[in-house]
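# Overview (structure and organization)
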Amino acid sequence: MTRRTIPRPVLLILGELLVWWGALALLWLVFITSVDTLERVVGGSAAVVGALLARAGRRAVAWR
């Protein structure tokens, strides 16, 4: 029986997105004044979008 593993490039992509998300979510929490559930949801969502855009921007510059 063989085990299927996640390819290394996929893990690298997920790791990069997780680092970007963590940094952007932390930055969001530093700048807001009140931390309630709605702020966490909005901040987490904005951090996901920011992480995807940061990765896309970094790849666009790296392809030159």
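Along each chain, the written sequence defines residue order, and numbers are assigned to residues from 1. Whole-chain, interface and lining totals are the exception, using all residues; otherwise, since this is a predicted model, local features are given only for residues with pLDDT of at least 70 and side-chain atom pairs are given and counted only at 80 or more. Hydrogen atoms and water are omitted, and side-chain values are computed over all heavy atoms in the structure.

## Some remarks on a nonpolar patch on the surface
Nonpolar side chains (Val, Leu, Ile, Met, Phe, Trp, Tyr) are joined into patches within 5 Å and like charges within 9 Å, using only residues with over 30% relative accessible area and no salt bridge. The method behind every accessible area is Shrake-Rupley, applied with a 1.4 Å probe, and residues are considered shielded solely by the protein chains displayed. Salt bridge criterion: a side-chain nitrogen from Lys or Arg within 4 Å of a carboxyl oxygen from Asp or Glu. A grouping of Ile6, Val10, Leu11 and Leu14 is seen on the molecular surface, where their side chains present a nonpolar patch of about 350 Å² in accessible area. You can see Val10 is positioned in helix H1 (residues 8–31). Note on conventions: DSSP H or I runs of at least 4 residues are helices, E runs of at least 2 residues are strands, and numbering of each starts at the N terminus.

## Thoughts on the side chain of Arg55
Within the secondary structure layout, Arg55 lies in helix H2 (residues 37–62). Buried means the residue's accessible area, taken with a 1.4 Å probe over protein chains only, is under 20% of the maximum for its type, while exposed means over 50%, and partly exposed covers the values in between. Residue Arg55 is classed as buried on the basis of its relative accessible area, which comes to 12%. Contacts are assigned to residue pairs that have any heavy atoms within 4.5 Å of one another. If we ignore the near neighbours within four places in the chain, the residues touching Arg55 are Ile13, Glu16 and Leu17.

## Topic: the environment of Trp21
Relative to the helices and strands, Trp21 resides in helix H1. Residue classification places Trp21 among the partly exposed positions, given a relative accessible area of 35%. In this structure, the C-alpha to C-alpha distance between Trp21 and Val48, residues 27 residues apart in sequence, is 5.7 Å. Excluding anything up to four places from it in sequence, Trp21 contacts Gly44, Ala47, Val48 and Ala51.

## Describing the environment of Val19
One can find Val19 in helix H1. Taking relative accessible area as the criterion, Val19 reaches 60% and is therefore assigned exposed.

## A look at the pattern of salt bridges
A complete count under the given rule lists two salt bridges for this structure. In this structure, Glu16 engages Arg55 in a salt bridge whose closest nitrogen and oxygen atoms are separated by 3.0 Å. Placement of Glu16 in helix H1 and of Arg55 in helix H2 is noted, with a sequence separation of 39 residues between them. With respect to burial, Glu16 and Arg55 carry one shared label: buried. We note a salt bridge from Arg58 to Glu16, for which the minimum N-O separation is 2.6 Å. You can see Arg58 sitting in helix H2 and its partner Glu16 sitting in helix H1, a full 42 residues away along the chain.

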